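Structural features, examined
If you want the building blocks of each chain, they are given just below.
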Amino acid sequence: MIDLSNKENCTGCRACLASCPKHCITGAFDHEGFWYPKINTNQCVDCHVCEKVCPVNTGSTSDGASEQYAVYCKTALIRKKSSSGGIFPLMAKTIIGDGGVVFGAAFDSDFVVRHICIDKYEDIAKLRGSKYVQSDMGDSISQVKSLLKEGKKVLFSGCPCQVNGLLNAIDKNLSKNLITIDFVCHGVPSPKIFKSYLQERKKSGDIVEVLFRNKKYGWKTYSMKIESKNGNVYRKVFVLDTYMQLYLRNLISRPSCYVCSQNHRSDITLADYWNIAKKHPEMNDGMGITKMQIHSQKGQLLWGEIQNQCVSICDEIRDLDIQKPRIVPPKRQLIFDNIDKYSFGELYSKYGKQGFLYEVKNRVKTLIKIVSYFLGKNL
Ligand SMILES: Cc1cc2nc3c(=O)[nH]c(=O)nc-3n(C[C@H](O)[C@H](O)[C@H](O)COP(=O)(O)OP(=O)(O)OC[C@H]3O[C@@H](n4cnc5c(N)ncnc54)[C@H](O)[C@@H]3O)c2cc1C
């Protein structure tokens with residue numbers, strides 16, 4: 001039976017729930033807003049399947065990264081709407097064009113992030129773009145299994161732990177038609193904190209759109225954009241947005257993210273190529289470049305199908321970004337201890353706010369970067 005005594009040992013991928021032959025695993029959200037499995041010990045027959053599929057137990061398999069590219073989609077609109085270079089939508093389009101389906105993270109009507117499956121390219125807008133909240137996997141793993149059994153081609157995109165859980169839960173003989181994309185992952189924040197943040201934004205009107213990675217002020221100075229039904233638009237560059245500040249300072253992530261040891265067992269890993277100006281200055285146009293790592297032959301084949309729609313450079317040196325364990329800031333505990341007591345704004349003021357000098361420095365640095373973007377310098 002999986003060890004649920006320490007929350008760091010569970011990523012919430014639901015591979016255990018999808019694989020239990022006795023169906024004795026259910027789950028619930030804890031007071032921090034993260035999902036954990038619950039085992040009915042009366043029904044458990046100690047078959048250890050849940051332990052075998054858990055990505056925390058199998059996370060140390062080495063990745064087979066072989067090729068790395070700096071890459072972006074030639075179609076400006078696709079690139080503009082995606083987080084980095086717009087590579088994921090191109091891959092999704094290819095799979096759907098082949099009669100396949102695509103799994104990824106989308107907002108539901110209440111702006112809860114959930115994994116969904118699409119089979120029409122018109123629905124790509126739901127999946128594209130990073131959502132900095134843990135995505136609820138629902139019964140995605142079981143759905144993937146059924147679709148593979150029907151002989152469908154499936155593209156699954158998610159965090160490394162979600163992909164690794166899925167790979168553990170799928171029989172090897174079924175995985176021929178499964179292709180997986182993961183990304184370099186900073187960690188996943190609490191859906192409950194995000195809900196509390198949106199509650200405050202809702203005061204300006206009912207929300208119709210949330211974008212974490214709007215590129216109006218450039219890719220490196222991406223902004224949080226929240227649009228209300230009444231036309232009200234909230235837009236703040238990430239370093240000035242209170243939710244993004246808490247996330248990037250590791251104050252609201254899932255406990256397992258602080259000790260993450262998930263390797264990239266996917267076919268393809270995507271990331272932001274933040275140091276592009278240093279590595280390939282000729283590509284640095286400020287609109288977003290993806291760092292793409294191809295780990296398998298399946299990944300190579302998919303890349304081959306979209307390559308002519310992209311501008312790319314193959315890197316000579318492979319430099320992997322594997323998640324390193326992070327220190328849990330003491331203020332994280334205070335935030336979650338008081339999550340039910342205070343509004344998001346109060347939580348931020350009490351435990352997230354930085355000193356006056358830090359705030360001023362942040363604003364000046366951001367302003368310089370935005371000006372540099374509009375001058376075409378892209379610092
Ligand atoms: C939570 C999170 C943390 C990240 N941390 C880093 C980082 O530290 N460094 C870095 O270089 N890159 C990070 N990325 C990856 C980066 O933001 C881009 O997703 C990546 O560069 C691909 O960009 P794209 O333009 O090709 O695709 P896009 O069109 O932006 O597609 C995004 C893909 O990510 C999936 N996705 C979005 N949100 C979630 C979610 N919450 N959970 C699971 N899947 C999701 C979507 O389904 C889609 O497949 C992170 C992404 C996420 C979601």
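Refer to the preceding data block for the structure.
A short tour of the structure in this document, coming up. (Residues numbered from 1 in each chain as written. Predicted model: local features only at pLDDT ≥ 70, side-chain atom pairs only at ≥ 80, totals over all residues.)

Describing the overall build of the chain
- In terms of helices and strands, the chain carries 15 helices and 13 strands.
- Relative to the 2.2 N^0.38 estimate, which gives 21 Å for 379 residues, the radius of gyration of the chain is 21 Å and therefore close to what a compact globule would have.
- For the chain, the C-alpha atoms occupy an extent of roughly 60 × 55 × 40 Å along the three principal directions.
- Here the chain, with 379 residues, has 44% of them falling under the buried criterion.
- Considering only intrachain contacts with a sequence separation of at least 6, the fraction spanning at least 24 residues in the chain is 70%. (Helix = DSSP H or I, 4+ residues; strand = E, 2+ residues; numbered from the N terminus. Rg over C-alpha atoms; globule rule 2.2 N^0.38 Å. Buried ≥ 20, exposed ≤ 12 C-beta atoms within 10 Å, placed from the backbone. Contact = placed C-beta atoms within 7 Å.)

A word on the nonpolar core
- Ranked by size, the top nonpolar core spans 95 residues in total, and within it A15, C16, M91, A92, V144, L155 and L166 carry the most contacts.
- Sorting elements by how many residues they give to this core places helix α5 (residues 87-97) first, with 7 residues.
- Among all residues touching A15, those that are not within four sequence positions of it are V53, C54, P55, I141, G165, L166, N168 and A169. (Core = buried A, V, L, I, M, F, W, Y, C linked by C-beta atoms within 7 Å.)

Topic: the sheet that holds strand β12 (residues 290-294)
- Pairing is mixed across the open sheet formed by 8 strands, whose spatial order is β5-β4-β6-β7-β11-β12-β3-β13. Edge positions in the sheet fall to β5 (113-118) and β13 (310-314), since each has one partner strand and no second. For this sheet the average axis-to-axis angle between neighbouring strands, irrespective of direction, equals 25°.
- In the sheet, strand β7 (residues 178-183) pairs with strand β11 (residues 268-272) via 3 bridges, with the strands oriented parallel. (Pairing = 2+ DSSP bridges. Axes fitted to C-alpha atoms, helices over the stretch in contact; angles between N-to-C directions.)

Some thoughts on the sheet that holds strand β8 (residues 207-214)
- Pairing is antiparallel in the open sheet, where 3 strands are placed in the order β8-β9-β10. With partners counted over all chains shown, the strands left at the sheet margins are β8 and β10 (233-237), one partner each. For this sheet, the mean angle separating the axes of adjacent strands, direction not counted, is 10°.
- Pairing between strand β9 (residues 223-228) and β10: 5 bridges, direction antiparallel. Looking across to β10, one finds that I226 is bridged to Y234.

Observations concerning the environment of I335
- Examined against the element boundaries, I335 turns out to sit in helix α13 (residues 330-337).
- With 22 C-beta atoms counted inside 10 Å, the residue I335 sits in the buried group.
- Note: C-alpha distance between I335 and Q68 (267 residues apart in sequence) is 39 Å.
- Among residues more than four places away in sequence, those in contact with I335 are L251, I252, L347 and Y351.

Regarding the site of the ligand
- In the vicinity of the ligand lie 31 residues, with S82, S83, G104, H186 and A271 positioned nearest.
- Those elements that provide at least two residues to the shell around the ligand are α5, β4 (101-107) and β11.
- Per-class residue counts for the shell around the ligand are 15 nonpolar, 13 polar and 3 charged. (Near = placed C-beta within 6 Å. Nonpolar A, V, L, I, M, F, W, Y, C, P; charged D, E, K, R; others polar.)

Section: α5
- Among the 11 residues in α5, 9 count as buried, and that is most of the element.
- Buried within α5 are the following residues: I87, F88, P89, L90, M91, A92, T94, I95 and I96.
- G99, located one to two residues past α5, shows a positive phi value of around 85°.

Some remarks on unusual backbone geometry
- Positive phi is not limited to glycine here, since H23 has a value of about 50°.
- When you line up the elements, H23 lands in the loop between α1 (15-19) and β1 (25-29).
- On the basis of neighbour counts, which here come to 9 C-beta atoms within 10 Å, the residue H23 falls in the exposed class.
- In the Ramachandran plot, F111 falls in the positive-phi region, its phi being about 60° despite a non-glycine side chain.
- Among the residues examined, F111 registers 19 C-beta atoms within 10 Å and is labelled partly exposed.

Section: the environment of Q68
- When you line up the elements, Q68 lands in strand β3 (residues 67-73).
- For Q68, a count of 21 C-beta atoms within 10 Å translates into the label buried.

A few points about the pairing of β11
- Counting buried positions along β11 yields 5 of 5 residues, so the element is predominantly enclosed.
- In the sheet, β11 pairs with β12 via 5 bridges, with the strands oriented antiparallel. When the bridges of β12 are listed, A271 appears paired with K291.

Everything listed here is a matter of coordinates, which is why it stays silent on function.
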